[in-house]
Structure formats: structure tokens, C-alpha cells
Amino acid sequence: MKTKHIILSFILVLGFNLLSIAQEAPGKLFQVRGFCIGAPKPTGVDKFVKFINEELATRKVNTLVLLVGYNYQYKTYPQLRDSGALSKKDVKKIVAACKKNNIRIIPDINLLGHQSGGNKLNKLLENFPEFDETPYIKMPEKYVWPNKDNLYCKSYCPLHPEVHKVIFACIDELCDVFEADAFHSGMDEIFYLGDDKCPRCKGVDKAKLFADEVTLVRNHLKEKNRELWMWADRFIDGRSTGLGFWEASYNYTWRAIDMVPKDIVMCDWHYERPDQTAIYFAMNGFRVITCPWRTPSTAEIQTEDMARWVKYASPEMKPRYYGMMQTCWTSPDGFIDGFYGTINEKNKRAVHPKNPDWTPWDTFRAMYKKMDELETAQ
Amino acid sequence: MKKIIRLIPIVALLLMWQTGSFAQYSDDAVFPVKGFCINAPSPQGLDRFVKFIRDELAPRGVNTLFLLGDYNYKFESYPQLADSNALSKKDVKKIVAACKKYNIRIIPQINLIGHQSWAGHLGNLLKNFPEFDETPEVAMPENYKWPNDDGLYCKSYCPLHPDVHKVLFAVIDEICDVYEADAFHGGMDEIFYLGSDKCPRCKGIDKAELFANEVRLIHDHLAQKNRELWIWGDRFINGKETGIGFWEASYNYTWRAIDMVPKDVVICDWHYERPDQTPVYFAMHGFRVVTCPWRTPFKAVLQTEDMARWRKYATPEMKPKYYGMVLTTWMDNGGFIDGFYGNLTANAKGAVHPKNAEFTPWDTFKAMYKRMDELEKEK
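Residues numbered from 1 in each chain as written. Chains lettered and ligands numbered in written order. Predicted model: local features only at pLDDT ≥ 70, side-chain atom pairs only at ≥ 80, totals over all residues.

So, about the overall build of chain A. On a plain count of helices and strands, chain A comes out with 11 helices and 10 strands. Here the C-alpha atoms of chain A give a radius of gyration of 22 Å, agreeing with the 21 Å that 2.2 N^0.38 yields for 378 residues. Over its C-alpha atoms, taken along the principal directions, chain A stretches across nearly 90 × 45 × 45 Å. Out of the 378 residues in chain A, the part that is buried amounts to 48%. Intrachain contacts of chain A at a sequence separation of at least 6 include 71% that bridge at least 24 residues. (Helix = DSSP H or I, 4+ residues; strand = E, 2+ residues; numbered from the N terminus. Rg over C-alpha atoms; globule rule 2.2 N^0.38 Å. Buried ≥ 20, exposed ≤ 12 C-beta atoms within 10 Å, placed from the backbone. Contact = placed C-beta atoms within 7 Å.)

A separate point is the overall build of chain B. Along the backbone of chain B there are 12 helices and 10 strands. Relative to the globule expectation of 21 Å for 379 residues, the C-alpha radius of gyration of chain B, 21 Å, shows essentially globular dimensions. Summarising its shape, the C-alpha atoms of chain B cover approximately 75 × 45 × 45 Å along the three principal directions. Taken across its 379 residues, chain B has 48% of its residues classed as buried. Taking as baseline every contact in chain B between residues at least 6 positions apart, the subset at least 24 positions apart corresponds to 71%.

Before going further, it helps to spend a moment on the interface of chain A and chain B. With 18 residues of chain A in contact, the opposing surface of chain B contributes 18 residues. At four residues, the largest contribution of residues to the side of chain A that touches chain B is made by helix H8 (residues 277-283) of chain A. A breakdown of the residues in the side of chain A that touches chain B according to their chemical character gives nine nonpolar, seven polar and two charged. (Nonpolar A, V, L, I, M, F, W, Y, C, P; charged D, E, K, R; others polar.)

Helix packing geometry: the angle between the two helix axes and the distance between the axes. Residues and elements named next belong to chain B. Between helix H2 (residues 46-57) and helix H3 (residues 89-101), whose axes approach to 10 Å, the crossing angle comes to 10 degrees. Between H2 and H3, the angle is such that the two are roughly parallel. Counted together, Leu 46, Val 50, Ile 53 and Arg 54 of H2 and Asp 91, Lys 94, Ile 95, Ala 98 and Cys 99 of H3 form the full contact between these two elements. (Axes fitted to C-alpha atoms, helices over the stretch in contact; angles between N-to-C directions. Parallel < 35°, antiparallel > 145°, perpendicular 65-115°, else oblique.)

Another point: the environment of Asn 62 of chain A. Residue and element names in this part refer to chain A. Inspection of the secondary structure assignment puts Asn 62 in the loop between helix H2 (45-56) and strand E2 (63-67). Considering only alpha carbons, one finds Asn 62 and Leu 174, 112 residues apart in sequence, at a separation of 20 Å. Dropping the residues within four chain positions of it, Asn 62 is found in contact with Val 32, Arg 33, Asn 102, Ile 103 and Arg 104.

Moving on: the sheet that holds strand E3 (residues 104-111) of chain A. Residues and elements named next belong to chain A. With respect to topology, eight strands assemble into a closed barrel ordered E1-E2-E3-E6-E7-E8-E9-E10, the strand pairing being parallel. Across the sheet, the mean angle separating the axes of adjacent strands is 25 degrees when strand polarity is ignored. In this sheet, E2 lies alongside strand E1 (residues 32-38) in parallel orientation, the contact comprising five bridges. Its bridge partner being in E2, Gly 34 is matched across the sheet by Thr 63. The strands that helix H6 (residues 206-222) touches are E3, strand E6 (182-186) and strand E7 (227-231); relative to E7, the one it contacts most, it runs at about 145 degrees. (Pairing = 2+ DSSP bridges.)

Turning next to helix H10 (residues 333-340) of chain B. Residue and element names in this part refer to chain B. Of all the eight residues making up H10, six are buried; the element is thus mostly covered by neighbouring parts of the structure. Along H10, the residues classified as buried are Asn 333, Gly 335, Phe 336, Ile 337, Asp 338 and Gly 339. With its phi angle positive at about 85 degrees, Gly 342 sits one or two positions after the end of H10.

All names here are of chain B. Reading around the barrel, the eight strands line up as E1-E2-E3-E6-E7-E8-E9-E10 and close back on themselves, with parallel pairing between neighbours. Adjacent strand axes in the sheet meet at a mean angle of 25 degrees, parallel and antiparallel pairs treated alike. Of the pairings in the sheet, the one linking strand E1 (residues 33-39) to strand E10 (residues 322-328) comprises five bridges and is parallel in character. Following the sheet pairing, Lys 34 is matched in E10 by Met 325. Lying over the sheet, helix H12 (residues 361-378) contacts E1 and E10, oriented at roughly 155 degrees with respect to E10.

This part is about unusual backbone geometry. With an omega of -5 degrees, the peptide bond running from Trp 145 of chain A to Pro 146 of chain A counts as cis. Note the cis peptide between Trp 146 of chain B and Pro 147 of chain B, where omega equals 0 degrees. Looking at the secondary structure, you find Pro 147 of chain B in the loop between helix H4 (124-128) and helix H5 (164-178). Positive phi, close to 65 degrees, is recorded for Tyr 252 of chain A, a residue that is not glycine.

Bringing the packing of helix H9 (residues 297-313) of chain B against H12 of chain B into the picture now. Residues and elements named next belong to chain B. It is the contact of H9 with H12, at a shortest axis distance of 8 Å, that shows an interaxial angle of 30 degrees. On the basis of the axis angle, H9 is roughly parallel to H12. Two packed elements cross with a definite hand, and for H9 against H12 that hand is right-handed. Between H9 and H12, the contacting residues are Pro 297, Ala 300, Val 301, Thr 304, Glu 305 and Ala 308 on the first element and Asp 363, Thr 364, Ala 367, Met 368, Arg 371, Met 372 and Leu 375 on the second. By residue class, the composition of the contact of H9 with H12 is eight nonpolar, two polar and three charged. (Left-handed = near helix turned anticlockwise from the far one by under 90°.)

Put simply, chain B has an average pLDDT of 94, and 94% of its residues get 70 or more. Note on the complex model: pTM 0.88, ipTM 0.84. (pLDDT = per-residue confidence, 0-100.)

On to the nonpolar core, then. Soluble globular proteins tend to pack their nonpolar side chains together in the buried interior. Counting residues in each nonpolar core, the largest one holds 216 residues, and the members touching the most others are Leu 64 and Cys 267 of chain A together with Cys 268 and Val 326 of chain B. Aside from chain neighbours lying at most four places away, what touches Leu 64 of chain A is Phe 35, Leu 56, Cys 98, Ile 103, Ile 105 and Ile 106 of chain A. (Core = buried A, V, L, I, M, F, W, Y, C linked by C-beta atoms within 7 Å.)

Given 3.6 residues to a turn, an α-helix orients residues that are three or four positions apart in the same direction. All names here are of chain B. Between its first and last C-alpha atoms H5 spans 22 Å; for 15 residues at 1.5 Å apiece the expected length is 21 Å, and the two agree. Residues of H5 that are buried in the fold lie against H3, strand E3 (105-112) and strand E6 (183-187). Positioned one or two residues after H5, Glu 180 has a phi angle of 55 degrees, which is positive. (Expected span 1.5 Å × (residues − 1).)

So, on to the confidence of the model for chain A. With 93% of its residues at a pLDDT of at least 70, chain A reaches an overall mean of 93. Low pLDDT, under 50, characterises residues 6-26 of chain A; the stretch is placed with one contact to residues that sit more than four places away or in other chains.

On to the pairing of E2 of chain A. All names here are of chain A. Among the five residues that make up E2, five are buried, leaving the element largely enclosed by the rest of the structure. Bridging between E2 and E3 involves five bridges; their strand directions are parallel. Along E3, the bridge assignment pairs Leu 66 with Pro 107. You can see the chain leave E2, run along helix H3 (residues 88-100) and come back into E3, and the turn it takes is right-handed. (Right-handed = clockwise from strand over helix to strand, strands pointing away.)

All names here are of chain A. With five of its five residues buried, strand E9 (residues 287-291) lies for the most part within the structure. What you see with E9 is no split at all: Arg 287, Ile 289 and Cys 291 on one side and Val 288 and Thr 290 on the other are buried throughout. Where strand E8 (residues 265-269) meets E9, five bridges bridge the pair, whose relative direction is parallel. Following the sheet pairing, Asp 268 is matched in E9 by Thr 290.

Here you go:
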């Protein structure tokens, strides 16, 4: 008789435990289990949706940063559409797959920087050349890096009086179609900013120029209760930390860390070393996500770091260690091919030059395996 | 025969070079700074402390000794500031000789700005120069209790008093001279009284600027004699934002000073209950930083592992910023040695963690150095 009671209580306790685990899961070790990739072309949508169902959902990815840019048939500014851009119907297929699998989509348009790639202007500056921060720098016929103009990518001028009308329309439209409550604004690797020849920007503190643009975009999103996510490199002093001018800043923008709203989510990307920069962002009051790329062993260490930071942080700091996000920097088509073992023209440049086993897909597998191990061990 | 004679001066030169460079830390080391921080002994406890240096610090490879002295020295420049039972020059030279012998760099300390009183007692500076008091309106209580209505933890001197630095610089120079020190520790932790609204000189001034200016002034004075400034790190951390609180971080607006002081100040970042990752913040701001545990052995072990890992994976620019570990004791010199050798005297008892009898500064000292040794061997 007593045994019965004990069994019943045991079941109750078990049930309660299971229940509380399920409820607490999002607040556990990795709040964000992220994946960041370019949006597919219309012909690749079905393949991508299948990948969501079979590989992202099974790994419990809960956040998908989708690099869309002008790969969407915008209605507000149809001239900005890439050729062969996604239709609303295409997008809704992706939205449905993510909804089904509880994945939050965060669409991205590159703001400020990345307004050209190689020798090609992107749609914004092609259609609105007056927004160019450095109109006197001509696009080269054959692009090589490094070059005498220090042209990595073009930027738009954040002080041009017309630029935000266009950008905000696109942001709103994209967030609406993806049914998104957060937007990723890129803003990485901005080399052209506050140019000495720009009649509006010259002489303005670059940290302030950058912070003002970030804040303006954040405030616009906030009006519709949307969050701003962005790459974090411009907030790090590249010279004094030795992190360099790609994943950190050489152009005086780092002081902007004290000038932007604290509810921005920082996507802190480091690929070759497990840099401890996330601590810097968390101590400055930001939620921060560590973003590896194609070096599995480094991504594993970064994952362990994130777990340790969460474990030992003060209650105030704990929720700021927000999670991990795999980045791909290859087309979704190429990534999926690589993931299933095919190296081709679309993905071979994503393989690390030092080691053929260092790829974004191997890193994706290794990182999520490590995340699962750490969550199980917890 | 000739050959041997020729070799002798070379060997002698090499030997001299080695002794001359004892204060140089190796960038390749797992821990460049292997530190220990304790109150200077009383004259009566001196020989015992010298023995402790020989028997316990030297074998563990301790290469840096913070000696918290304040006015425990018979100053010649301001004899009125000396404690009643203070160390003589001869006493100090015994410590200096022992440390020289074991290549231990002594960094003497006098608390600057804050810690100018303790509980109900004024420190010697304010006792002799009451005009330096930042908050003369706050009377010292007969019966000190924390918390209290005045928010009195310790008194501070006013960093803008026109005469205060004449006195401070004299005692700093004297203490550095007698200890033959190329670095000085300025304390500057837990400063609650700063930029008081009632101070005619300080009121209305940005507290970060007040704090930074005082740090810079001391730094510049030391730099003139090629000496380094070391200070505690807490005033540079935003205590509210980080949740680290108002002791080991700041609630009084001083944290922005991190961008206002010279980068060659060495930051002593102390955290006792959690292995906080704050050294990364200091290193990213361009400072050399040492992590300073106290009396929780397993936390100190985690902090030691953190320091080794940061150094392992850092960029070449950041690696030398992760400077090492310093064990702090926060108790009477003799009491620590009592506890270390298992004698829980009244002086030792006060340092035991209230939550666990095995959490003590001496157990932490042993555990931390054991872990450092293991990590060095792994390398």
C-alpha cells in the first residue's frame, strides 16, 4: 500500500520535472541556437525548405538569420529587386517551414556598408547613385584586393536626406513578408564612413556617425516592436586588441559602444581564434551571440566558452550570453551541397585554404554536436 | 687556463644580467605575474615573515609581493604619519634582502583616495591633516556599524586639496626608495566618498574625471622615476550594469575613467565569489591585468584556468595583457602564517569564510599555486 503511494509520488515528481525542463529549455544554456545563411533563389526554395525540415529542425535551431538584401520582389521600390528575386509566395514557403519548426526568422539587409560586391554596385546605389558615400571612387573593371582606393565595398551616406525613406520602406516590407519581429542590419566591415570628401559627413566623429545610424534604424524598428540585430565588429578597437580591421575596427567607430541603445543584439563573429569579446559586449549591457564560420575546433571552443560564461555569470549578465549562431558565407545551394558531401563551384571557396576538413558544414555539425553535449551534461 | 680566465668575466656578466632582470616577467610564461598580497608585518613578526618568504613563497615561484603597508613605516619625511609600532628602515631591509635573494619583486602599497579610515578609526593621514578630509561633515562614529546613515565605509581624502599631494608624493617616494621598488600599489579600491556634494572643491565635477585625474597624477609622478602604478580594478567596472555590485565594482559613476587613464597602469581585478570574466574587459581596453582571488579555493582554481586559457588563445597584442595571478589575504600578516600552518588563532579565525570552514586564504593560496604549477607543467 505504502509502495503505491511512493510510486504515485515518484510519477508526480517525474512529471513535474519533465514539465519544468520543457518550460525552462529556452532559458537554458543556449537561448539562441542560430543559423545564418543567404536566402535561396526561387529555384532553390524547395531544396532549402527540405534542409530546414531535415537538418535545422532536427538540431533544434530556433533562429534563422536570412541574408536577403534585394533578393525579394519589393513592391515599394520595384527597381531595387535583384534579377530572379524571391516572390512573396516563395517567402511564404520558407515562413511556413520555420513556423512549423518554431524557428524565428530574422531577415537581413546590409545597411551602411556592403553596398557593392567585387566590381558590382548593389541595387541601392545602382538605382540611387546620389546615396554613394564616395561617388568619386569608380567601380573598377576588374576588382582586386588590396587596391589603392581601399575599396572593399561601397557605403551609402547615412546623412543623405533621402536615404532612410527608401531603406525604411524596404526594411518594413521585408519584415512584414517574413512576419519578423526582429531585423538584422548587417553593418559589418564598413570601411567607407565619414569620408573626407562627403559634403555631409566630413569632420563628423565616425563613432557618432555610426552610432546615430544604428540608433535611427533601431528606433524605426522599435515603433513596430521589432528588435535590431547586427554584426558587432565596428564596436571593437581592432588596433589595440590585435583583432585587425575586418572583425574589428580601425576607423574610430568603437566608441559607439557607449552611444547606442542596449537592446540591440550583437552578433560577434570570429573565425580563427576563440576571442573573448562577447564578455566585452555583455559587460557593456548587450545581449551577444558568438558566430563561428568554418573552423570546427575553434567553434567547439567558442561553444564551450559561451556555456562557461553563462554558468558563472552574475544574474544580470547571464541572460546577455545569448547563444551561438553558425554562419556560412556561401550560397544556400552550395552549403547544402557541401553538407551532403558534394564539393563544387558553388561551395569550394568556402573550404578553408589551410585544411579541406574545415568547412562551414563541418563546423555546423561540430558546433551543434557540442551544444547538445553541453546541454545534456548540464 | 687562459680560456677559463676569459670565461669568468662572461659568466659574471651573464649572472649580473640575470639578477638585474628579476623584475622582468617572461611573455612566454603561463603566468608572468605569480603574486602574493599581504599586510606588511609588525617589527615583532618580521623574522617569521622572512622565514615564510623563504619557506613558502620562494619554493612556489612567487615573483611579486604586494606589501600593504600604509603607514607601517617610520617615515622620515613625515614622522607624524608613522604608526606607533612601525617598521624601521633596518626592518624593511631584511624583507628587501629576502626578496632579492628569491627574485621576488616587492610592490609596496599605500591606500590612496579611499580607505582613509577603518571602522571607527581615522587613518594617520586624516588624523594629522584633517583638512584633507573629503567629508569633514561626517563625524567618526563611536560605535561603527555597516550599513549606516552616512554611507560611511571608509573616509577619503579630497584629491583636489592643494596640499595633499605634497604629503602623498613624499611618502610614496620614501616607501618606494626604502623597498627599492620599481612599482607602487596605490590601492584605490572601494572608494565610496568621492566628489562629495558638500566638498567646495569637488562638488559638481564628473566623478570619473576626478578619479581618472588622481590616477593619472600618481601615475605621472611615479613615471618620473621609472616606476609603475598598480591599482585595484573595481572603480572601472559598472557595478549596476554588470550585477557585480558596489564593492568589487562601482555604483558611483567612476567606470568611464577606464578611457581616461594611461594604459600602462596595471589593473588588479579582484573577485572572490564568482570567477568573473572582467579581466577580458580590462585587457580589451589595453591594460595589463592580474586576477586576484581571496578565500574560495575552487573559485581561485577556475580563475587560474581562465587566465591560462585567455593567454593561450589571445592575439599577440592581447596575450601580454593577461598578466597573471595574485593571491590576496586581507588579514594580519602573522594571522595568515598561523592559519597556513594549521593554527587557527583569533587573528586567523576572522579570515575564514562564514559559509565553509575550508574556505580560507591559506587554503586558497595552496590550491591556486598548485593549479598554476600543474598548468605550467602541462605546457
